[in-house]
Each structure stands twice: as structure tokens, then as C-alpha cells.
Amino acid sequence: MYNIIQKNQSLCHLNTLRLKSLAVNYVEFSDINLLPSISKYIKEHKCQFFVLGGGSNILLPEVYNGLVIHCKLEGVACISQNNTSMLVRAMAGEQWDKFVEYTTLHGFFGLENLSLIPGTVGAAPIQNIGAYGVEVCDFIEYVEVYDVLEKQFKIIKKKDCHFQYRNSIFKKMPNLIVVAVVFQLLKEPILNLEYVDVAKCMTGVTNVTPVELRNCVIKIRQAKLPDPAIIANVGSFFHNPILTNGIVNKLKSNYNNLPVFRVDDNYSKISAGWLIDNLGLKGYRENKVGTYEKQALVLVNYSDATQTDILDFANMIKNKVKQKYDVELNIEPIIIEKG
Ligand code: EPU
């Protein structure tokens, strides 16, 4: 087993923010049968660890002293079906967007609005990825995991995943390594066109296919969000704050353009991108780090930034937002400490 552990592996090309980062210990696994040995290594060395997928929602430290477990599990299969729906199982290391392409090409409805999101299938339930009115939890049936502490494979049913806006039980339980996700997708269209840009793009299209809706979402994303293959970023950098309606109404009376989205009878979500943009900080750059010119919620690494550079810039933004609006922003990607 120990001969598959590599020493001092650079992670710079394995994270979409392209942070300079070195893993003191690193292992790739494309076979679930390696997981018990990896667990044994962690226990014997009493080391910290984290699982790396597409590296599109993490902030890596310059040196990580623990073990990086890079998930390379592949495979997609339809496992059962009835008249209206299809259960599809995808292994955790599959590229998310390739998987969405597969489901849409097979005519299954559900994941179209989540097209072009970077990262892997295994990472999708962890932060409950969402876009254009859809969250991945809407279509998850269960998640298959390996529990590193208990050394056993388990199935976590959707109701036990505690999915919330960009959150799930997996963020609190890093001992659970996602190995596969099972989705329930639809044979008949139930389209989510609640997002204005999506509705506009689909106007006049009759008998919508999943591929058409996917193409429309791809166009919208490409117009607003930077391609991580070209511009180093991790998508939205802050959560959209969820606040009581009392606080939101007060803000709205001062800033009547502030976009507000209903959560429930007591809470609303406000747009963090708008708050930053309204401070004049869209496209603002300090040294190696800046906000993206078309979306203030996205931070960009312009050259050789480290985790500290990114966090300093993010704290500057947080302080300005707090001063101006008395609103606390929370960082969305997972911050990995040095281990
Ligand atoms: N806005 C501005 N200026 C900006 C950015 C946004 O005025 O610089 C305004 C927009 O005009 C719009 C509102 O704020 O009225 C919302 O903006 P947008 O539709 O771009 O979405 P978002 O709330 O900034 C969220 C997700 C994105 C997802 C989009 C679309 C979060 C943290 N982000 O962004 O997800 O693609 O909605 O559904 O919830 C991601 O998580 O990495 C991500 C990209």
C-alpha cells in the first residue's frame, strides 16, 4: 500500500484557482477496494486528510502536511427505471458536466440547469451545487460513501444528507468519502424556467428537450462566469446571505435595486454579488487577486496567488460590505488548513 503514496506532489494544476500548493502525501484511487488500506494508513500515521475531486471549490494552503486522497473513480450506469423516472448511478470521480451531458443526451430531465458547473460528481452533494432555480439535492436519491473511521461502505439516503443552500452533512463529516451518487431523473419534462434569463432564452421553443435547455444554460453561464480553464477561479466566492425579512426590508428601503429572493415566510436571500458591485468593486483588482469584471461574486487569481493572498482580498471585501450594509458575508469554498 505505502508504495502508492506519493511524496511532495504539487497541487497547482489540480485546483481551478491555481493556488500554489504542495501535498506532503498524496494518493490517487480509481478502485474502491483501496479505501480500507488508505484508512489504515491514516490511522497508523495519525494524519489529517481530505478528498480532492475537481479542485473547483477549495482554497488550498501552500503546504498540506496530511494526506490528499484524489478520487478518480469512474463509471455511469442506469440501474433501474419505471414509467416516469430513471435511477442513474455515477461514480464520484466523473466530471460533473460530462455526466450532465450524458443524462441530457439520453433524454433524461432534471440536471439541465446545472450544466457547465466545474468539478466532479462526488463534490456535487457536498456543497449541494445549485444554479438557475435548481439544486442537485432535488434529484439525488442516495449517496454511497466509505466511512474512514468505521472502515465500512454505507448508503446515506437523501433525507439523511441534511441538504441546505450550499450545505450538507458531508461538510460536517469529512470521514465520509463519497464514492458514488444515485440520481432519480425524469423521462417527462418538468422544466425549471423560473430564472428570468433561462425563461427568455427558451421563449418560443416548443417541446423542449433536455439538450436544448442545457445549451441555453451553457450560453447564460458563458456570458457571465469565467471559464476556469482560462481564468483561475472557484465560482461564487461568498454565499448569498439569508436574512430575516425585517433586516431585508430595511436594506431594501435604502437600496431599492437590491435583488431579493424569497426563502420562506420569515427569511429572504439577498445577492452578495450586487452588494459588492454596488460598492464599485466589480472588476476591482489589488495585485494578484481581483473580482471578475462581469460578476463581482467571483474572485480571480491573476498570477501566482497563495491562499493567504486570496483570503486577505476576501477579508477586505467582507469588511467593506460589513461597514456599508452591516451584512456579514461567508466564504463559500472550503478552506483547507495546513494539516
Ligand atoms: N448582480 C449584480 N452584480 C454582480 C453580480 C450579480 O448586480 O456583480 C445581480 C444580478 O444582476 C442579479 C443578482 O445579482 O440580479 C443575482 O446574480 P446572478 O444571477 O449572477 O447569481 P448569483 O446570486 O450571483 C448564484 C449562485 C451561482 C449560480 C447563479 C445562478 C451562489 C453563491 N451563487 O449566483 O452559483 O450560478 O446564482 O443561479 O449561490 C457557484 O456557486 O459557484 C455559482 C456560480
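Remember, it's a predicted structure, so these values are computed and weren't measured experimentally. (Residues numbered from 1 in each chain as written. Predicted model: local features only at pLDDT ≥ 70, side-chain atom pairs only at ≥ 80, totals over all residues. Heavy atoms only, no water.)

**Notes on the overall build of the protein**
Part 1 of the reasoning: Broken down by element type, the protein carries eight helices and 20 strands.
Part 2 of the reasoning: A compact globule built from 339 residues would reach a C-alpha radius of gyration of about 20 Å, and the protein, at 20 Å, matches this within 12%.
Part 3 of the reasoning: When its C-alpha atoms are laid out on the principal axes, the protein stretches across 60 × 55 × 35 Å.
Part 4 of the reasoning: Carbon together with sulfur atoms contributes 49% to the accessible area of the protein, which is approximately 16,300 Å² in total.
Part 5 of the reasoning: One way to put it: in the protein the 36 positive side-chain charges average out to a point 3 Å from where the 33 negative ones average out. (Helix = DSSP H or I, 4+ residues; strand = E, 2+ residues; numbered from the N terminus. Rg over C-alpha atoms; globule rule 2.2 N^0.38 Å. Areas by Shrake-Rupley, 256 points an atom, 1.4 Å probe, with all protein chains shown as cover. Lys, Arg positive; Asp, Glu negative; His and termini not counted. Charge placed at Lys NZ, Arg CZ, Asp CG, Glu CD.)

**Digging into the layout of surface pockets**
Part 1 of the reasoning: Quantified by volume, the second largest pocket comes out at close to 210 Å³.
Part 2 of the reasoning: Classifying every residue of the lining of the second largest pocket by side-chain character gives three nonpolar, five polar and two charged.
Part 3 of the reasoning: Looking at which domains feed residues into the lining of the second largest pocket, each of domain 2 (76-221) and domain 3 (226-335) supplies at least three. (1 Å grid on protein atoms, 1.4 Å probe; cavity = no way out; pocket = protein on both sides within 12 Å on 5 of 7 lines; lining within 4 Å. Points joined across faces, edges and corners; volume = space filled by probe spheres on them. Nonpolar A, V, L, I, M, F, W, Y, C, P; charged D, E, K, R; others polar. Domains from an automatic or database assignment.)

**So, the sheet that holds strand E14 (residues 242-244)**
Part 1 of the reasoning: Taken in spatial order, the three strands make up an open sheet running E14-E16-E15, and their pairing is antiparallel. What marks the edges here is a single partner per strand, and that holds for E14 and strand E15 (260-262). Each strand axis lies, on average, 40° off the axis of its neighbour in the sheet, ignoring direction.
Part 2 of the reasoning: In terms of strand pairing, E14 meets strand E16 (residues 267-270) through three bridges, oriented antiparallel. Residue pairing for E16: Thr244 is matched across the bridge by Tyr267.
Part 3 of the reasoning: Across the sheet, helix H6 (residues 245-254) is in contact with E14, E15 and E16; its angle to E14 comes to roughly 95°. (Pairing = 2+ DSSP bridges. Axes fitted to C-alpha atoms, helices over the stretch in contact; angles between N-to-C directions. Contact = heavy atoms within 4.5 Å.)

**Observations concerning the sheet that holds strand E18 (residues 289-292)**
Backbone hydrogen bonds hold the strands of a sheet together, and the pairing may be parallel or antiparallel.
Part 1 of the reasoning: The strand order E13-E19-E18-E17 describes an open sheet built from four strands, whose pairing is antiparallel. Whereas interior strands pair on both sides, the edge strands pair on one side only; in this sheet they are strand E13 (232-236) and strand E17 (285-286).
Part 2 of the reasoning: Taken together, the four bridges between E18 and strand E19 (residues 295-301) define a ladder with antiparallel strand orientation. Counterpart to Tyr292 in the pairing with E19 is Gln295.

**Some thoughts on the pattern of salt bridges**
Part 1 of the reasoning: Counting across every chain of the model gives 13 salt bridges.
Part 2 of the reasoning: Where Asp147 meets Lys154, a salt bridge forms, and the shortest distance between an N and an O atom there is 2.8 Å.
Part 3 of the reasoning: With a closest N to O distance of 3.1 Å, Asp277 and Lys282 form a salt bridge.
Part 4 of the reasoning: Owing to a relative accessible area of 30%, Asp277 belongs among the partly exposed residues under this scheme.
Part 5 of the reasoning: Sharing partners across several salt bridges, the network here consists of Asp147, Glu150 and Lys154. (Salt bridge = Lys/Arg side-chain N within 4 Å of Asp/Glu carboxyl O. Buried < 20%, exposed > 50% of the residue type's maximum accessible area, 1.4 Å probe, protein only.)

**Overview of the domain arrangement of the protein**
Part 1 of the reasoning: Each domain of the protein was delimited in the assignment, giving domain 1 (2-71), domain 2 (76-221) and domain 3 (226-335).
Part 2 of the reasoning: One C-alpha centre belongs to domain 1, the other to domain 2; they are set 25 Å apart.
Part 3 of the reasoning: Counting from both sides, the interface comprises 16 residues of domain 1 and, opposite them, 15 residues of domain 2.
Part 4 of the reasoning: Overall, the association of domain 1 and domain 2 removes approximately 1,200 Å² of surface from exposure, summing both partners, and the carbon and sulfur fraction of that is 74%.
Part 5 of the reasoning: Counting every contact that joins domain 1 to domain 2 gives zero salt bridges.
Part 6 of the reasoning: Viewed at the interface, domain 2 and domain 1 are joined by three residue pairs in polar contact (both at pLDDT 80 or more).
Part 7 of the reasoning: Breaking the side of domain 1 that touches domain 2 down by element, the ones donating at least two residues are helix H1 (35-45), strand E3 (49-52) and strand E5 (63-71).
Part 8 of the reasoning: For the side of domain 1 that touches domain 2, the element with the highest residue contribution is H1, accounting for six residues. (Buried area = accessible area lost by both parts, 1.4 Å probe. Polar contact = N/O pair within 3.5 Å; in protein donor to acceptor, adjacent residues only side chain to side chain.)

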